[in-house]
2 protein chains.
Amino acid sequence: MTALTAELIDRLEQVVGAAGLVRDPQDMARYLSDWRNAYRGRAALVVRPASTDEVAAVVRLCHQAGVALVPQGGNTGLCGGSIPDASGEQIVLSLTRMTRVRQVDPQNDTITVEAGVVLQQLQEAAVAAGRMFPLSLGAEGSCTVGGNLATNAGGTAVLRYGNMRELTLGLEVVLPDGQVWNGLRGLRKDNTGYDLKQLFIGSEGTLGVITAAVLKLFPAVRSTTTAWVALPSSEASIELIGIMRGLCGDRLTGFELMSRQSVEFVLRHVAGCSDPFGERHPWYVLIELGDTQPDASLNVLLESGLGEAFERGIALDAVIASSGAQVKALWTMREGISEAQNHEGPSLKHDISVPVSCIPRFIDETDRQLLDRFPGVRIVCYGHVGDGNLHYNISKPVGSEDAPFKAQHEAIMQVIYDATARFNGSISAEHGLGQAKRAAAARYKDPLELALMRSIKQTLDPAGLFNPGKVL
Amino acid sequence: MTALTAELIDRLEQVVGAAGLVRDPQDMARYLSDWRNAYRGRAALVVRPASTDEVAAVVRLCHQAGVALVPQGGNTGLCGGSIPDASGEQIVLSLTRMTRVRQVDPQNDTITVEAGVVLQQLQEAAVAAGRMFPLSLGAEGSCTVGGNLATNAGGTAVLRYGNMRELTLGLEVVLPDGQVWNGLRGLRKDNTGYDLKQLFIGSEGTLGVITAAVLKLFPAVRSTTTAWVALPSSEASIELIGIMRGLCGDRLTGFELMSRQSVEFVLRHVAGCSDPFGERHPWYVLIELGDTQPDASLNVLLESGLGEAFERGIALDAVIASSGAQVKALWTMREGISEAQNHEGPSLKHDISVPVSCIPRFIDETDRQLLDRFPGVRIVCYGHVGDGNLHYNISKPVGSEDAPFKAQHEAIMQVIYDATARFNGSISAEHGLGQAKRAAAARYKDPLELALMRSIKQTLDPAGLFNPGKVL
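Residues numbered from 1 in each chain as written. Chains lettered and ligands numbered in written order. Predicted model: local features only at pLDDT ≥ 70, side-chain atom pairs only at ≥ 80, totals over all residues. Heavy atoms only, no water.

Moving on, we come to the relation of the copies chain A and chain B. Superposition record for chain A on chain B: RMSD 0.0 Å, screw rotation 180°, translation along axis 0.0 Å. What the rotation and shift describe, once combined, is the action of a two-fold rotation axis. Minimal C-alpha separation from the rotation axis in chain A is found for Gln198 of chain A, amounting to 3.1 Å. Of the interface residues in chain A, 100% have counterparts in chain B that sit at the interface too, so the contact is made through matching surfaces. (Least-squares fit on C-alpha atoms with pLDDT ≥ 70 in both. Contact = heavy atoms within 4.5 Å.)

Shown next as C-alpha cells:
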C-alpha cells in the first residue's frame, strides 16, 4: 500500500492536470525500470509537470505530505539514479514534458532550455543558430538536459569542451521545500558569492530538481579529420596524445583508446566492421581533429604528428579516413564495443578515471592482478585517454559457466577499485553513483568528504525527501 | 585590547615558530591595509604558517579559542577581502610562506602548488615544463594562487581559458574546525558525489582556507598576432567578436574593448603611448590570436575577419602589430587605462558583467542616465567583451571640486548597479565582494540566493570565525 492519500493525489492532479499524472501500472512501467532493465522499482505515482510553476507546486505538496520524490529525465542512466526504490511509496517526478527552448542568444553564445529537452534537440537548436553544443554521448537521442546536468555528463568531447558542468552558466532549480531558485544567468564572469549552481550539477537529484539551464554555445566546427592508429602499448597512447596536443592544441577533439580485445569483440559482433590493418596490434587509438576553418590543413598536422610517432616507435600503423563513410566506420568500431561485449556473455563494467600519466601503470598492474586471480577473464579496456577515463570491463572466460563468474563480481570490482584508489582516481568518472555505486563510494571516499556531503544534503534537504537512497 | 591570551600566542608560536609570527606593529602594517590603501584594519597578530599541518594547527587553536581568522595571500585584492576589521581582535592568516610547487605532471597536464605560490612563479613553472598556465592579470607579480582561487580570478585570458574555477581540478582545504580536506585529485572526470571544491573557489576565505591546488596546464602557444581596431560603436564590437570567433574559434585569445575616453586618458598620462590612427574614433578593440603551431597563418585569418568587418562598416581603421615592441605598445594602451584614470582626480570604479548581447544597450542607457543626472562626468568604459565584463568607471567633471563628486558616489553606483540588474548581470564580475560590495550584494542579489549562501556558511563555519564581515 502507498502512503499517498486520495486527497494528495487530487491536489497533484489539480496542479498538473490529468495529462500530467500517470497511475496505470502498465503506463508507469517505463518509468520504473531503466533501459537495460538492470534496476527496477515501484512508485505510488508518476507526476509529469509541464512548467516550473507546476514542478514547484508538486514539490510543495509532497514536502508538506512528507512524500519522497525521484526526479527523472530520459531515464538513460547506468547507475539506477532515477529509479525509485521498492517501497512503492515514492513519486517519480518526470521532467519530460518541460521541453521548451526558452531563448537562443547567438551574440552571447548561450541557449536557455528546460530540463526535459532531449540532448539531440539541443544540439539541433544550436546548429540552427549557427553554433554548436558539444556534449555528445551514446544516449543523445533520448537523454535529457536535466539528466545531463544532474549527472554532470561526459562523453567523447570532454577532452576539448569539458563536462556538462563546464558547459553550464546558469540554472533554475526547485528546492526541496518547493521554492524556486532562479539562477538563470548567462554570465561568463560573476563573483558575487558562492557559486550555488555547482552544488546541483552532478548531485543526481538529491538536493533539488533542475528545471532549466543556460548553456554555452560554441563556434561551428567546419572541418574534421579522423585517423585510426595501431600502437605497441597503452603507454604509447600517452606519448602520442602529448605529441598531438602540443601540435594541435584545441584542434584535438577526440582521442579514444581501445585494447585489441575490445576491437576483436567489435569485429566479431558488429555488422560491417573490418580491421583496417592486416596485422593484429595490441592497442589502437581513434584520433579526431576539428577546426572552425573550412579548409584547415588538418591532415598536414595529423601526418606531422603521426610522422613523429612512427619515428619514435610509438605508432605501428595508421589510416586516415578519406570519406565520411570511413569516418563513420571508424567511430562505429569505437562505439560498438559496449554492445559487442554483451554478445560474449555476462560482463562486469567499470567507469573509472586516474591521472592521464597513470593510465599505463593502472592497466598493467590491474590486468596482471586480475589474470592472476581470475584466470581466463577477458579484459575489455577502452576509454577517453585525455580525460584519464577508462571503461575497464571484464567478460567471463571462454566456455565457462555464468554463475561462478557472477559470484566473483565483488572480488573483481574490489581489485579494480583498489587500484583506482592507489592512483588517487575515481570509481565513477562519468556515470555518477546512483544506487549502483553508493556503497562503493562510502568505502572508497574520504570519510571527511562524505561527512561534508552529508552536511550539505542535510542543509538543503533536511527532510531527506529528494531521491533518498541515491549518492549518499 | 585584544582578546588573545598570552597562552594562545605561546601555543601559536610553538606551531609556526618565531619566524611565523608577526607582532611588531610596524612589521604588521603591510598585512593590515591593501596596496591602494583603500582599506585599513587592525589585528591582534599575523600568523604565517609554512605547511598545511601548521595551518591546520593554527586553525584548531583559534577555533578552540573562538578567535576569528582573516586568510590573506598576496594582498592585491580590490575589495578589501583580506583586510581585517577595526577591532584588533582578528588574526591575519598569511599563506605567503607556503610556496612549494609540489608536483608537475606534464603527461597529465597538471601542476600541484601551494597557496602562497605567486602567480608569475606558477606561470614560469608551467613554461619550464613545456606547458602554459593561462591565468594572467595585472597583479601577477605579487598575487598568490590562494588568492586567485579564493576570488575566482579572471583577467584577459578568460575568453579562451575560463576563470580560475575552470582551471582547477583539485583542492586541499583546512576547514574552519581545523580538519584538512584532501581533495587534491588531478582528474578531469570524477562524478562520485557533490563537487565540494566548487564551494571554496570564489568564497573569499569565508568557508575555509585553501592551502594547495591541482591546476590544469595547457599546450604552449607558439604564435600570436595582435591588432588594434577602430570601431564606430560598442555594438560593432559585438558583431566583430562574432565574426572573429566564427573564423578563429579558440585561436581568439583576447578581445578588449575601450572607449575613446579611456584611450584619451592613456595618451595623456602614460609615457610613450601614441594614437595608432590620425583620426579620433569612438571605440577601439584590441584583438589577440594565438596558436600552438609556430607558423600558423594568424595574420591571414585576422585580415580575413577585418576585411569582412570593413565591408560591413563595423571597422573604421586597423593596425596589425608588426613587432614585439608594437604588441607591447598596444597592450600598454589597454593596461594603462586604470592607472591613467587616477591622474584625472577621484574616480568611482565598477566591475560589472552582463550578457555579451546586452553590452551596447547597457552602455547606451547607462551613459545617458549618468550624463543626464551628473552632467560633465567622464565615463571610462573598457573591458573584456567576450566575457560580458565591463570596467565602467566614472571620473569627476573637468575642473570640479572633489568633495561634491565624492558625495555622489552612492547615487552614481546605484544608477550603474540598477542597470546591471535590469540586464540580469553581476555587480562583481571578477573582483569578488570582500567588504566593499557586501552591502550592494545584499541589496541586488535574490533573497533566496542569499539565504542559501547563509545556510552554506552556517553549515561549514557555524562559529563564524572565517573572514567574518566579508561576502555575507
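Next, the rest of the story.
A few words now on the pairing of strand β4 (residues 91–94) of chain B. The side chains of a regular strand alternate, first on one face of the sheet and then on the other. Residues and elements named next belong to chain B. Covered by surrounding structure in β4 are Ile91 and Leu93 together with Val92 and Ser94, the residues of both alternating faces. Relative to β4, strand β2 (residues 45–47) is paired through 3 bridges, and the arrangement is parallel. By the bridge assignment for β4, Val46 is matched with Val92. As paired elements, strand β3 (residues 69–72) and β4 share 4 bridges and run parallel to each other. Its bridge partner lying in β4, Gln72 is registered against Ser94. (Buried < 20%, exposed > 50% of the residue type's maximum accessible area, 1.4 Å probe, protein only. Helix = DSSP H or I, 4+ residues; strand = E, 2+ residues; numbered from the N terminus. Pairing = 2+ DSSP bridges.)

This part is about the sheet that holds strand β9 (residues 180–183) of chain B. Through backbone hydrogen bonds, the strands of a sheet pair up, either in parallel or in antiparallel fashion. All names here are of chain B. Reading across from one edge, β5-β6-β10-β8-β9 is the order of the 5 strands in this open sheet, with antiparallel pairing throughout. Both outer strands of the open sheet, β5 (101–105) and β9, are each paired with one neighbouring strand and no more. On average, each strand axis in the sheet is tilted by 10° relative to the strand beside it, whichever way the strands run. In this structure, β5 lies alongside strand β6 (residues 110–114), joined through 4 bridges in antiparallel fashion. Bridge pairing links Val104 to Ile111 in β6. (Axes fitted to C-alpha atoms, helices over the stretch in contact; angles between N-to-C directions.)

The subject of this paragraph is the packing of aromatic side chains. All chains considered together, the criterion is met by 14 aromatic pairs over all chains. Centroid distance Tyr417 of chain A to Tyr444 of chain A: 5.7 Å. Interplanar angle 85°. Geometry classified as edge-to-face. With a gap of 27 residues between them, Tyr417 of chain A in helix α15 (residues 409–422) and Tyr444 of chain A in helix α16 (residues 438–444) connect regions that are remote in the sequence. Relative to Tyr392 of chain B, the ring of Phe362 of chain B lies with its centre 5.5 Å away and its plane at 75°, an arrangement referred to as edge-to-face. (Phe/Tyr/Trp six-rings, centres within 6.5 Å; stacked < 30°, edge-to-face > 60°.)

Looking now at the UniProt feature "domain: FAD-binding PCMH-type" (unreviewed entry) in chain A. The UniProt entry lists residues 39–220 of chain A under the feature "domain: FAD-binding PCMH-type" (unreviewed entry), expressed in the numbering used here. Between the end C-alpha atoms of residues 39–220 of chain A there is a gap of 39 Å, over a span that is 21% helix and 24% strand. (UniProt positions renumbered as here; feature names shortened; annotations may be inferred.)

In this section: the state of the cysteines. For the structure shown, the criterion picks out 0 disulfides over all chains. Sulfur of Cys358 of chain A: no disulfide; nearest cysteine sulfur belongs to Cys381 of chain A and is 14 Å away. Judged by its relative accessible area of 13%, Cys358 of chain A is buried. Left unpaired, Cys273 of chain B is separated from the closest cysteine sulfur, that of Cys381 of chain B, by 19 Å. (Disulfide = S-S within 2.5 Å.)

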